[in-house]
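Next come the chains, spelled out residue by residue.
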Amino acid sequence: MKKTAFVFPGQGAQKFGMGKEFYEQYKVSREIYDQASEWLNMDVPALCFEENDRLDQTHYTQIGLLVTEIALFEAIKEKGFVPSVTAGLSLGEYAALHAAGRISAKDAVCLIDKRGLFMQEAVPHGGAMAAVLGLDMDTISEICAGTEGIVEVANDNCPGQVVISGEAGAVETASVRLKEAGAKRVMSLNVSGPFHSSMMKGAGERLAEELGHVQWLDSDIPYVSNTLAQYITDSKQTKDLLIRQVSESVRWRQSMELMIQNGVEAFVEIGPGKTIAGFLRRIDRKIPCINIEKPEDLEKLEVLR
């Protein structure tokens, strides 16, 4: 099998109906949804499959996306495909940890339930995030640092796409300055909080207690940390990294580049949408990315054998 990275998208990829065909066609996927419903005492299939007003609320977004990603991964695993390395974008890192054999599905789902709730409650008066297109990281960082109030780099997604996060007024002021500095576009994001900024430290502190109850598993499959953009082989590091991840920048571009430098020949994006595939095209167009969203997509994996 080709040296393959399994990668998982984060918040923003969610949509109604995600995973429904896997639920209907694969017992192993159906079990994940149904078990998650028991673990969390909620109807997770209804959350994911039926139109509702909860799926775009951070707490429920994180639950729905993670359960879907794990359910799809389990169907892929059943077909005999094993990753060489895993990584996930923000909440997707929890799916990556499970796919790397470092955490049980139950622990991952129960953690993400708490994480989503803590992040939603961390800044009750809100904050803001904005995507900055077509401007270099040094300029963005310099403008953020020189803006009064809290505004920080939240995601370095790929060349030409960076997300900033912080206090609403500071993000608005920085957005104007970024446009003046040459950004092609600065777009406000429809989010409920200033994620991956220092304003989320309280959520990370609350999450720390929950992480202390987790049984971390040993595995030969490494994962790439959002926070460090490094291969992690020792699960003892994971707790502290997940605490930091809530309030520190997601170094996704560096994570993708690292996997390519380490010989990854193909990426498999597991979950709704093609967000990560789009980032990869901006990083290295020569490396293929297979998207697994529908059961028929599983046929694409045969090229990896």
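To be clear, the structure that these remarks concern was listed above.
This one's a predicted model, so the numbers in the text were calculated from it and none came from an experiment. (Residues numbered from 1 in each chain as written. Predicted model: local features only at pLDDT ≥ 70, side-chain atom pairs only at ≥ 80, totals over all residues. Heavy atoms only, no water.)

A.B. asks: I'd like a description of the pairing of strand E4 (residues 151-158), backed by residues and values.
C.D. replies: Judged by how many residues are buried, E4 sits mostly within the fold: 7 of 8 residues are covered. Here 6 bridges tie E4 to strand E5 (residues 161-166), and the two strands are oriented antiparallel to one another. The residue of E5 that forms the bridge with Asn155 is Val163. Hairpin connection, E4 to E5: the antiparallel pair is bridged by 2 residues, and Gly160 has positive phi, about 90 degrees. (Buried < 20%, exposed > 50% of the residue type's maximum accessible area, 1.4 Å probe, protein only. Helix = DSSP H or I, 4+ residues; strand = E, 2+ residues; numbered from the N terminus. Pairing = 2+ DSSP bridges.)

A.B. asks: Which residues make up the side chain of Ser247, and what values do they have?
C.D. replies: Inspection of the secondary structure puts Ser247 in helix H10 (residues 238-247). The contacts of Ser247, once residues within four sequence positions are left out, are His196, Ser197, Ser198, Met200 and Lys201. (Contact = heavy atoms within 4.5 Å.)

A.B. asks: Provide a residue-level description of the packing of helix H2 (residues 27-40) against helix H4 (residues 58-78), including the pertinent values.
C.D. replies: Any two packed helices are characterised by how steeply their axes cross, that is the angle between the axes, and by the distance between the axes. Orientation of H2 relative to H4, taken along the N-to-C sense of each, is 145 degrees, at an axis distance of 8 Å. Handedness of the crossing formed by H2 with H4: right-handed. Of the residues in H4, those touching H2 at Val28, Ser29, Ile32, Tyr33, Ala36 and Leu40 are Ile63, Val67, Thr68, Ile70, Ala71, Glu74, Ala75 and Glu78. Looking at side-chain class alone, the contact of H2 with H4 contains 10 nonpolar, 2 polar and 2 charged residues. (Axes fitted to C-alpha atoms, helices over the stretch in contact; angles between N-to-C directions. Left-handed = near helix turned anticlockwise from the far one by under 90°. Nonpolar A, V, L, I, M, F, W, Y, C, P; charged D, E, K, R; others polar.)

A.B. asks: Describe H2, with residues and values.
C.D. replies: Over its 14 residues, H2 extends 20 Å from the first C-alpha to the last, a length consistent with the 20 Å expected when each residue adds 1.5 Å. Elements in contact with the buried residues of H2: helix H1 (20-25), helix H3 (44-49), H4 and helix H6 (105-122). Just beyond H2, the residue with positive phi is Asn41, at close to 55 degrees. (Expected span 1.5 Å × (residues − 1).)

A.B. asks: How would you explain the state of the cysteines if you had to name every residue and give the values?
C.D. replies: As enumerated under the stated definition, the model contains 0 disulfides in all. Here Cys48 is not cross-linked by a disulfide; its sulfur's nearest cysteine counterpart is in Cys110, at 15 Å. Of the cysteine sulfurs around Cys289, a residue in no disulfide, the closest is that of Cys158, at 13 Å. (Disulfide = S-S within 2.5 Å.)

A.B. asks: An account of a negative patch on the surface is needed here, citing residue identities and associated values.
C.D. replies: A surface patch of negative charge is lined by Glu31, Asp34, Glu38, Asp43, Glu50 and Glu78. The element contributing the most residues to the negative patch is H2, with 3 residues. Relative to the assigned elements, Glu78 resides in helix H4. (Patch = residues over 30% accessible without salt bridge, like charges linked within 9 Å, V, L, I, M, F, W, Y side chains within 5 Å. Areas by Shrake-Rupley, 256 points an atom, 1.4 Å probe, with all protein chains shown as cover. Salt bridge = Lys/Arg side-chain N within 4 Å of Asp/Glu carboxyl O. Lys, Arg positive; Asp, Glu negative; His and termini not counted. Charge placed at Lys NZ, Arg CZ, Asp CG, Glu CD.)

A.B. asks: Now, about the sheet that holds strand E3 (residues 128-133): what can you tell me, with residues and values included?
C.D. replies: Read across the open sheet, the 4 strands follow the order E4-E5-E3-E6; overall the sheet is antiparallel. Each edge of the open sheet is held by one strand with a lone partner, namely E4 and strand E6 (185-188). Each strand of the sheet is rotated relative to its neighbour by a mean of 25 degrees, with strand direction disregarded. Across the sheet, helix H7 (residues 137-145) is in contact with E3, E4 and E5; its angle to E4 comes to roughly 165 degrees.

A.B. asks: Residue-level account of the environment of Lys79, with values.
C.D. replies: Inspection of the secondary structure puts Lys79 in the loop between H4 and strand E2 (85-88). A relative accessible area of 39% means that Lys79 is categorised as partly exposed. Each C-alpha atom, one on Lys79 and one on Leu298, is 8.6 Å from the other, the two residues being 219 residues apart in sequence.

No statement about biological role is implied by the geometric values presented.
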